[in-house]
Each structure stands twice: as structure tokens, then as C-alpha cells.
Amino acid sequence: MERLRQDDPPYIGPYTTLARLDADSTGRTVPERRYLARTADGERTVLVCLPRAGADPSRWAVEAEWARRLSVARFLDVAEVGGTAGSPWYAAPYTPVLPLPAVLAAYGGPLPENLVRGLGAALAEGTAAAHAQGVTHAGLSPAAVLVTPGGPLLTCFGAVRAAAPDGTPRTGLPGLDPGCLAAEEAAGGPPGPLGDVFALGAVLAYASTGHTVPEQGELPPGLRRPVAACLARDPADRPSAQELLRELAAPGARTGPTEASPLPGAGATVLDHAAPLPLPGRVVAALAHQSARLLGMEVAAAQESFAPAGKAH
């Protein structure tokens, strides 16, 4: 969570902006402008998102409306879409969240293999459910993954589609991490399920190494095969999201305990709700700190604090 800058909007629809979700250091690979905001009466706190410069606002608004209508496990629950075709926004109820880059920053570096496997399995579960409904996410990247106490959520739905029309090369466009774009999409091809799988592999690589285009030797041994398969240049050589889920969630797939706790009983999988994979203590502390700081803010005080140019960052 970051302080507002002078060029940030003080209000978005009925909401008063309180803070930015993303740090400046990761802003270039976030395809949306994301804020934490609250209604004037203080009753509702939300995550509210705007398109960033370089995106087609009309197309972004279409993607936001599609996201609102979706009911897919592990996708952010978009509750409200508003604004105009030229200045759209959407909002979701607030829960303590950290973008995946902030999770690595809180932890102090790449995440343990077991945690990466658990997060990856949860994301593959949601992606597979979307694909079963004929839906392509088309926006998977480290910034699109929001980690909550209850597990990861996928955001930035349709970011690739909103960045440029089909047929237009997409590498180098603001907000799109080039390491998460499959070759066929970077060349301007339409997003598809196997493009999502490529991006999932890049997210797993990022969580394991701190960047989306690692050398094979940088990856933990237990993740080299699934990540390499996801990142295959030829889409035909990639697994489906369901196949990736089966590999990541297979009994006995974990190779050791996490920082937070020992392994559960033998035979448990990374998606076993009776034996959840807890977040490391430093990440839990960062989530708690964000929640306490945000919920303690008064709307008027936040505006007074963030408004002067001398206090903007």
C-alpha cells in the first residue's frame, strides 16, 4: 500500500481514494491503476481499478463488465462497474491483499517451493474452471495475482485484450509484462487458454526466482518440469490448466516444510482444505499491517494528508 501521488484521482465514482495498492517499483508491469478507497460515510472500503494509459478504455470497460458477470473460483469478485466509456472503473469489496510482487518483498525474496506449488495449484484451479466455461483470462502476470489470507485471487481480467486489438504486436505496451506473453499473443494473435498456461508458468517462475524469464537452473528442482512445459514456445507442447493443476496438487508433490509450519499428514495435497498451506509469518504480518493502517484511516484525514504536493510520493 502506497501513499497517493499528486496526479492520483481524489474520487472515483462514489469512493474517496485513500491509497494506491501498487508500489512505484512495480507499476510498469501492472495493467491497471489500483486504489484502496472508501465511501464518504465510511461504511464500505473497496479495491477500485482504472485503466492505465495505453489501454483502450472502451475495451477495458467491456472486460470489466465481463469480469463482473463471471462466477469463477479464484477470480476477484467484481461487484460494481461504473464511469463512462472513456473513463471506466470497477470496484470489489476490500479484503487484505498483497500483489505477488509485494509478497516477495515482504518475504524478502523468492518464495519457498511448497508455497509456490500451493499458490500455483490454486491459480491453475481457477484458470481451469474458467477454461471449462469457455473463458480465457488474458491477463495473468505476477501483478494480476493478489494474495489474501484465504489464498490467491486473479485480477486484471482481459488486460491483453484491452492492450491492443488482435493483430497488433503487444510487446512493450505499458502494463504488460513481456515475460508473461506467449509468443503467439505477443505477435498479436488472439488470447487463448494455452496463452493463459504460458502466463501461469511465468508467474510460477517469478514466485520462485523473482523474475518471469528464469534460467532452468534457477528454478527449484521440483518445479523445473511443470514450468518448462508451461513456457514451451509451441502451444501444442504446453499442458492444459487442468493437467498443470493435477501435477502441482499431486499427493506427495511437496518436497519439504515451509517457513510457517511443517507438512500436514502423508498423502495431503496442496488443495486439501483440511491441511491448508499457510502463508509465511512475514507475509501475514504485512497483510495485517495493511488492514490496520487502511481501516484506521478517516476519509477526510486521508485527503488532507495526501493532497499537498509536498507530501506526494
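Residues numbered from 1 in each chain as written. Predicted model: local features only at pLDDT ≥ 70, side-chain atom pairs only at ≥ 80, totals over all residues. Heavy atoms only, no water.

A.B. asks: How should I be thinking about the packing of aromatic side chains in this particular structure?
C.D. replies: Any two aromatic rings considered together are summarised by their centre-to-centre distance and by the angle between their planes. Under the criterion given, the structure shown has three aromatic pairs. Pairing Tyr15 with Trp89 gives two aromatic rings, centres 5.9 Å apart and planes at 90 degrees, and the pair type is edge-to-face. Separated by 74 residues along the polypeptide, Tyr15 in strand E2 (residues 15-20) and Trp89 in strand E6 (residues 88-93) bring together distant segments of the chain. Trp89 carries the same exposure label as Tyr15, and that label is buried. Ring centres 6.3 Å apart and planes at 55 degrees place the aromatic pair Phe75 and Phe157 in the tilted group. With Phe75 in the loop between helix H1 (57-69) and strand E5 (80-83) and Phe157 in the loop between strand E9 (151-154) and helix H4 (159-163), this pair connects stretches of sequence that are 82 residues apart. With respect to class, Phe75 is no different from Phe157; both count as buried. (Phe/Tyr/Trp six-rings, centres within 6.5 Å; stacked < 30°, edge-to-face > 60°. Helix = DSSP H or I, 4+ residues; strand = E, 2+ residues; numbered from the N terminus. Buried < 20%, exposed > 50% of the residue type's maximum accessible area, 1.4 Å probe, protein only.)

A.B. asks: For this particular structure, what's the right way to read the sheet that holds strand E8 (residues 145-148)?
C.D. replies: With antiparallel pairing, the three strands of this open sheet are ordered in space as E7-E8-E9. Edge positions in the open sheet fall to strand E7 (98-99) and E9, since each of these has one partner strand only. Inspection of the sheet shows E8 paired to E9 by four bridges, in the antiparallel sense. Counterpart to Val145 in the pairing with E9 is Leu154. Contacts from helix H3 (residues 113-132) reach E8 and E9, with the element oriented near 40 degrees to E9. (Pairing = 2+ DSSP bridges. Contact = heavy atoms within 4.5 Å. Axes fitted to C-alpha atoms, helices over the stretch in contact; angles between N-to-C directions.)

A.B. asks: Before we go on, may I ask you to explain the nonpolar core in this structure?
C.D. replies: Soluble globular proteins: nonpolar side chains tend toward being buried together. Grouped together as the largest cluster of nonpolar side chains are 66 residues, with contacts concentrated most on Leu100 and Leu111. Per-element tally for this core: the top contributor is helix H6 (residues 193-209), with nine residues. Once residues lying within four places of it in the same chain are set aside, the contact partners of Leu100 are Leu111, Pro142, Val145, Val147, Val203, Tyr206 and Ala207. Listed in part, the 10 residues of the second largest apolar core include Tyr35, Val48, Leu50 and Ala91. (Core = buried A, V, L, I, M, F, W, Y, C linked by side-chain atoms within 4.5 Å.)

A.B. asks: Which parts of the structure should I look at to understand the sheet that holds strand E3 (residues 32-39)?
C.D. replies: Whenever strands of a sheet pair, they do so through backbone hydrogen bonds, lying parallel or antiparallel. The antiparallel open sheet is built from six strands, whose spatial order is E1-E2-E3-E4-E6-E5. The sheet is open, and its two edges are formed by strand E1 (11-12) and E5, each paired on a single side. Two elements, strand E4 (residues 45-51) and E6, share four bridges in a ladder whose sense is antiparallel. For Val46, the partnering residue across the bridge sits in E6 and is Pro93. The sheet contacts of H1 involve E3, E4, E5 and E6, and relative to E6 the element is tilted by about 25 degrees. Along the sheet, helix H9 (residues 281-295) makes contact with E2, E3 and E4, crossing E3 at roughly 50 degrees.

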